[in-house]
Amino acid sequence: MIGNQRHLFEIPDDVAYFNCAYMGPLPKASREAGERGTAVKAQPWLLTPNDFFTDGETARGLFAGLIGARGEDIAIVPAASYGIAVAAANIPVPKGKRALILADQFPSNVYAWRERAAEDGGEVVTVARPAD
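To keep things clear, this report deals only with the structure shown in the data block.

About the criteria used
Residues numbered from 1 in each chain as written. Predicted model: local features only at pLDDT ≥ 70, side-chain atom pairs only at ≥ 80, totals over all residues. Heavy atoms only, no water. Helix = DSSP H or I, 4+ residues; strand = E, 2+ residues; numbered from the N terminus. Buried < 20%, exposed > 50% of the residue type's maximum accessible area, 1.4 Å probe, protein only. Contact = heavy atoms within 4.5 Å. Areas by Shrake-Rupley, 256 points an atom, 1.4 Å probe, with all protein chains shown as cover. Salt bridge = Lys/Arg side-chain N within 4 Å of Asp/Glu carboxyl O. Polar contact = N/O pair within 3.5 Å; in protein donor to acceptor, adjacent residues only side chain to side chain. Core = buried A, V, L, I, M, F, W, Y, C linked by side-chain atoms within 4.5 Å.

**Description of the overall build of the chain**
Reasoning step 1: For the chain, the helix and strand inventory stands at four helices and two strands.
Reasoning step 2: N-terminal to C-terminal, the α/β element order of the chain is α-α-α-β-α-β.
Reasoning step 3: With the C-alpha coordinates aligned to their principal axes, the bounding extent of the chain is approximately 50 × 45 × 30 Å.
Reasoning step 4: When each of the 132 residues of the chain is scored for burial, the buried share is 11%.
Reasoning step 5: Partitioning the contacts of the chain with sequence separation of at least 6, the portion at a separation of at least 24 is 51%.
Reasoning step 6: Carbon and sulfur atoms form 60% of the exposed surface of the chain, whose accessible area is close to 10800 Å².

**Overview of the pattern of salt bridges**
Reasoning step 1: Within this structure, the stated rule accounts for seven salt bridges.
Reasoning step 2: The residue Glu72 makes a salt bridge to Arg70 at a minimum N-O spacing of 3.1 Å.
Reasoning step 3: Put simply, Arg70 and Asp73 hold a salt bridge, and the shortest N to O gap is 2.8 Å.
Reasoning step 4: Each of Glu10, Arg31 and Glu35 takes part in salt bridges that share partners, so that together they form one network.

**Comments concerning the side chain of Asn109**
Reasoning step 1: Locating Asn109 in the fold gives a position in helix H4 (residues 107–120).
Reasoning step 2: Overall, Asn109 belongs to the buried group, its relative accessible area being 13%.
Reasoning step 3: Among the polar contacts made by the side chain of Asn109, one reaches the side chain of Trp113 at a distance of 3.1 Å.
Reasoning step 4: Beyond its immediate stretch of four places on either side in the chain, Asn109 contacts Ile84 and Ile101.

**Considering the nonpolar core**
Reasoning step 1: Core analysis: the biggest nonpolar cluster contains eight residues, these being Ala88, Val93, Ala99, Ile101, Val110, Ala112, Trp113 and Ala117.
Reasoning step 2: If you tally residues by element for this core, the top one is H4, at four residues.
Reasoning step 3: When near neighbours in sequence (up to four residues on either side) are disregarded, Ile101 contacts Asn109, Val110, Trp113, Val124, Val125, Thr126 and Val127.

**Some details on the environment of Glu35**
Reasoning step 1: Within the secondary structure, Glu35 is located in helix H1 (residues 28–41).
Reasoning step 2: For Glu35, a relative accessible area of 44% gives the class partly exposed.
Reasoning step 3: Counting along the chain gives 61 residues from Glu35 to Gly96, while the straight-line C-alpha distance between them is 50 Å.
Reasoning step 4: At 2.6 Å, the side chain of Glu35 forms a polar contact with the side chain of Arg31.

The structure is reproduced here in structure tokens:
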């Protein structure tokens, strides 16, 4: 089991924050990385073409290691809805085929697959969460 991680966040001792489905607090390290990124953008004349790819490639490799994949298997997109739209645009749902989605999905996931299935003549099937 993972021990207490409060020290990684800027959460006061008298606060118990549980609404992470709405917005989770950033870890201190993420805030610091954001500040470093902002500092770089404050002086864009110091950027080189390689700077646009190095951090992204590092992140892809690290995440790939977490899930047993290769860095080139990982896509970095600006928003989950964009990534879902790209996937839906590239995976046909032709007549006689179904796209399965879980009940209570975020709307971007539902709309993208409904649109794709409607374009191709396929069907979207929503799978309910079992009671257990």
